[in-house]
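Okay, here's what each chain looks like letter by letter:
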There are 2 protein chains.
Amino acid sequence: MAESESAYAPAHYDRPSVTVDLAIFTVLHKALHVLLVKRRAAPFAGMWALPGGFVHMDESLEDAARRELREESGVEDVYLEQLYTFGDPGRDPRTRVITVAHFALVRAEHQRLRAATDAAAVNWFPAYDPPALAFDHRQILDYAITRLRYKLEYTALAFELLPEEFTLTELQETYEHVLNEQLDKRNFRRKVQQASVLEETGRRRVGEHRPARLFRFREGAVAEVKARRLFP
Amino acid sequence: MAESESAYAPAHYDRPSVTVDLAIFTVLHKALHVLLVKRRAAPFAGMWALPGGFVHMDESLEDAARRELREESGVEDVYLEQLYTFGDPGRDPRTRVITVAHFALVRAEHQRLRAATDAAAVNWFPAYDPPALAFDHRQILDYAITRLRYKLEYTALAFELLPEEFTLTELQETYEHVLNEQLDKRNFRRKVQQASVLEETGRRRVGEHRPARLFRFREGAVAEVKARRLFP
DNA sequence: ACAAAAGTGTTGAGAGTACACCCATGC
DNA sequence: GCATGGGTGTACTCTCAACACTTTTGT
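Residues numbered from 1 in each chain as written. Chains lettered and ligands numbered in written order. Predicted model: local features only at pLDDT ≥ 70, side-chain atom pairs only at ≥ 80, totals over all residues. Heavy atoms only, no water.

The next point concerns the overall build of chain A. Secondary structure assignment for chain A yields five helices and nine strands. Reading chain A from its N end, one meets helices and strands in the order β-β-β-β-α-β-β-α-β-α-α-α-β-β. Put simply, chain A has 232 residues, and 54% of those count as buried. Put simply, of all contacts in chain A between residues at least 6 apart along the chain, 64% involve residues at least 24 apart. Per element, the accessible surface of chain A, about 10900 Å² overall, is 47% carbon and sulfur. (Helix = DSSP H or I, 4+ residues; strand = E, 2+ residues; numbered from the N terminus. Buried < 20%, exposed > 50% of the residue type's maximum accessible area, 1.4 Å probe, protein only. Contact = heavy atoms within 4.5 Å. Areas by Shrake-Rupley, 256 points an atom, 1.4 Å probe, with all protein chains shown as cover.)

Structure below.
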């Protein structure tokens, strides 16, 4: 590695800026939503953008992402994953900015927390139909959705989007909203049982019709499924 | 996004350095190998490390990675993929260095090309049993191997490690070396046929025993297999 | 009683996996 | 002719996907 070969990139000048950007998802109004902030400063002032900010010199990338997450959405202790690093020259018209994109999943119940710290220029938008976004954030968002869908297909990550206790129908609907497709009820329930990642709470959601049993995810039930191999 | 909120990270000083590092793989001597360079400068002088270098201000991350790939291994036009960005403070003892790690696959035939430009302090090492590495490069290498294995399990990427024409046994051995496990010959061949990513060249590898038919990958045959879903 | 959501099994098709022998060539 | 790697098929199991009706509650 050439970290010491200062010949063609002296370490003391001409460094790019490094930021973290976040695609924070939740399920709201029966659809996948993403958190956006309205930019106050140029460039793209007044335009919606993914939350994010500069990486401080003494914090890791994940720490920076969690700090931004806390500052922008008021949530802590949520699922966070590094996504991809976007660094094309020109993606920020002012200067060279390399951004390490992350995606985060927050629970529906947190929406109320968020509303409390509402800074007026922060809002949830339908992830599959967002407004025009600043910089290359549309590209980052699309990439994040792709990764989220993929992740949910082969892991049991949906519980990061659900309240502590939930019905099987709510779980299925979460998958349907993220995957943007309909699932078969019986097949879904059988597969959930086989995965054995749920436990019954004994309580029921009593509502308009027949009460539904409430479940929660078992502690430490990550349930990652092996990909089907192309070759045996 | 807070790229403009210069309050807590002015854009004009205190920026980290950004590098690209490369895990370049090939199959050699019936095992997966990775390209390492011997460091000349401090820190970790004399130690082996992944090739890499600073990102120039006017080039994209991929361009930087391809430039380093060309400079260090003399190969062009190979498979290259961004892996992950490592940025813990302290991973470089001198200063804050954030590195965007990539992995690359080069063909066995390129090894000779490489030997020609040999700079004495560049060499192939067994990927599953490398020497001690500088910085956090062991961690990066392990991550790259994990990703490579995973990628090969559900894509037809092995041809990036093979010469233009190859026998089915050579293809199977490539998979075995990367996955580090034995595969069943009949099942492997059936699955290759089903994937229909190969075409016969009509030529044969004539050698010590019964000549084997030579194949090549069909143009544009990416053959990505859907992951087995956890939920239907 | 009726509207609405909860809950429950079976079947056919395709893929995965384990397993053993003959074939063509070089020496 | 024999050693060596090339080449081929079958049976069992498991997972996937499609599909409709009964049960329980609130009003």
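That covers the picture; the talk isn't over yet.
Take the protein's contact with DNA strand D next. In the region of DNA strand D, 21 residues are neighbours, and A:K191, A:E208, A:R210, B:K185 and B:H209 sit closest. A:E208 has a polar backbone atom sitting 2.7 Å from a sugar or linking oxygen of DNA strand D. The backbone of B:R213 places a nitrogen or oxygen atom 3.0 Å from a phosphate oxygen of DNA strand D. For the surface near DNA strand D, the secondary-structure elements that each account for two or more residues are α5 (185-195) of chain A together with α5 (185-195) and β9 (212-217) of chain B. Of the residues that constitute the surface near DNA strand D, the class distribution is three nonpolar, five polar and 13 charged. (Near = heavy atom within 4 Å. Polar contact = N/O pair within 3.5 Å; in protein donor to acceptor, adjacent residues only side chain to side chain. Nonpolar A, V, L, I, M, F, W, Y, C, P; charged D, E, K, R; others polar.)

Residue and element names in this part refer to chain B. For the structure shown, the criterion picks out 18 aromatic pairs over all chains. On the numbers, 4.7 Å between centres and 65° between planes, the contact of W48 with F125 is edge-to-face. Here W48, found in strand β3 (residues 48-49), pairs with F125, found in strand β7 (residues 122-126); they are 77 residues apart in sequence, far enough to count as distant. Residue W48 is classed as buried on the basis of its relative accessible area, which comes to 15%. Seen from their ring centres, F159 and F217 are 4.6 Å apart, and the 40° between their planes marks the pair as tilted. With F159 in the loop between α3 (137-154) and α4 (168-179) and F217 in strand β9, the pair connects residues that are 58 residues apart, well separated along the chain. (Phe/Tyr/Trp six-rings, centres within 6.5 Å; stacked < 30°, edge-to-face > 60°.)

Lining the immediate environment of DNA strand C, one finds 23 residues, of which A:K185, A:H209, B:K191, B:E208 and B:R210 sit closest. Between DNA strand C and the protein, one listed contact pairs a phosphate oxygen with a side-chain N or O atom of A:R189 at 3.4 Å. Of all the elements in the fold, those that place two or more residues in the surface near DNA strand C are α5 and β9 (212-217) of chain A together with α5 of chain B. Per-class residue counts for the surface near DNA strand C are four nonpolar, five polar and 14 charged.

A few words on helix α1 (residues 61-73) of chain A. Owing to its 3.6 residues per turn, the α-helix brings residues three or four apart onto one side. Residues and elements named next belong to chain A. Relative to the 18 Å expected for 13 residues at 1.5 Å per residue, α1 spans 18 Å between its end C-alpha atoms, a close match to the ideal helical length. Every buried residue belonging to α1 is among L61, A64, A65, R67, E68, L69, E72 and S73, and all of these are buried. Following α1 by one or two positions, G74 adopts a phi angle in the positive range, close to 70°. (Expected span 1.5 Å × (residues − 1).)

Residues and elements named next belong to chain A. This model, assessed by the stated rule, comprises 36 salt bridges over all chains. For E199, the salt bridge is made with R216, and the minimal N-O distance between the two is 2.9 Å. Of this pair, E199 sits in strand β8 (residues 198-205) while R216 sits in strand β9; the two residues are 17 residues apart in sequence, bridging distant segments of the chain. When its relative accessible area of 30% is taken as the criterion, E199 is described as partly exposed. Residue R216 is classed as partly exposed on the basis of its relative accessible area of 28%. Because the salt bridges share partners, they merge into one network encompassing E59, R67, E68 and E71. (Salt bridge = Lys/Arg side-chain N within 4 Å of Asp/Glu carboxyl O.)

A few words on the confidence of the model for chain A. Looking at chain A, pLDDT values average 84 and 84% of them are 70 or higher. Confidence over residues 1-12 of chain A falls short of pLDDT 50; this stretch has 36 contacts with residues more than four positions distant or in other chains. (pLDDT = per-residue confidence, 0-100.)

Attention now goes to the environment of A:E164. All names here are of chain A. Structurally, E164 can be placed in the loop between α3 (137-154) and α4 (168-179). By relative accessible area, which is 52% here, E164 ends up exposed. Each C-alpha atom, one on E164 and one on R189, is 19 Å from the other, the two residues being 25 residues apart in sequence.

A few words now on the environment of A:Y128. Residue and element names in this part refer to chain A. Relative to the helices and strands, Y128 resides in the loop between β7 (122-126) and α3. For Y128, a relative accessible area of 33% corresponds to the partly exposed category. If sequence neighbours within four positions are ignored, Y128 has contacts with L32, I145, R149, H177, V178, L179 and N180. A polar contact is formed between the side chain of Y128 and the backbone oxygen of V178, at a distance of 2.6 Å.

A cis amide bond links A:A42 to the next residue, A:P43, at an omega of -5°. Inspection of the secondary structure puts A:P43 in the loop between β2 (31-38) and β3 (48-49). Of note in the backbone geometry, B:H29 takes a positive phi value of approximately 50° without being a glycine. Looking at where B:H29 falls in the secondary structure, it is placed in the loop between β1 (17-28) and β2 (31-38).

On to the packing of α4(A) against α5(A). Residues and elements named next belong to chain A. Remark: α4 packs on α5, axes separated minimally by 11 Å, with the N-to-C direction vectors making an angle of 105°. Considered as vectors, α4 and α5 are oriented roughly perpendicular to each other. Contacts between α4 and α5 involve L168, T169, L171, Q172 and Y175 from the former and K185, F188, R189 and V192 from the latter. Its residues assigned to classes, the contact of α4 with α5 shows five nonpolar, two polar and two charged. (Axes fitted to C-alpha atoms, helices over the stretch in contact; angles between N-to-C directions. Parallel < 35°, antiparallel > 145°, perpendicular 65-115°, else oblique.)

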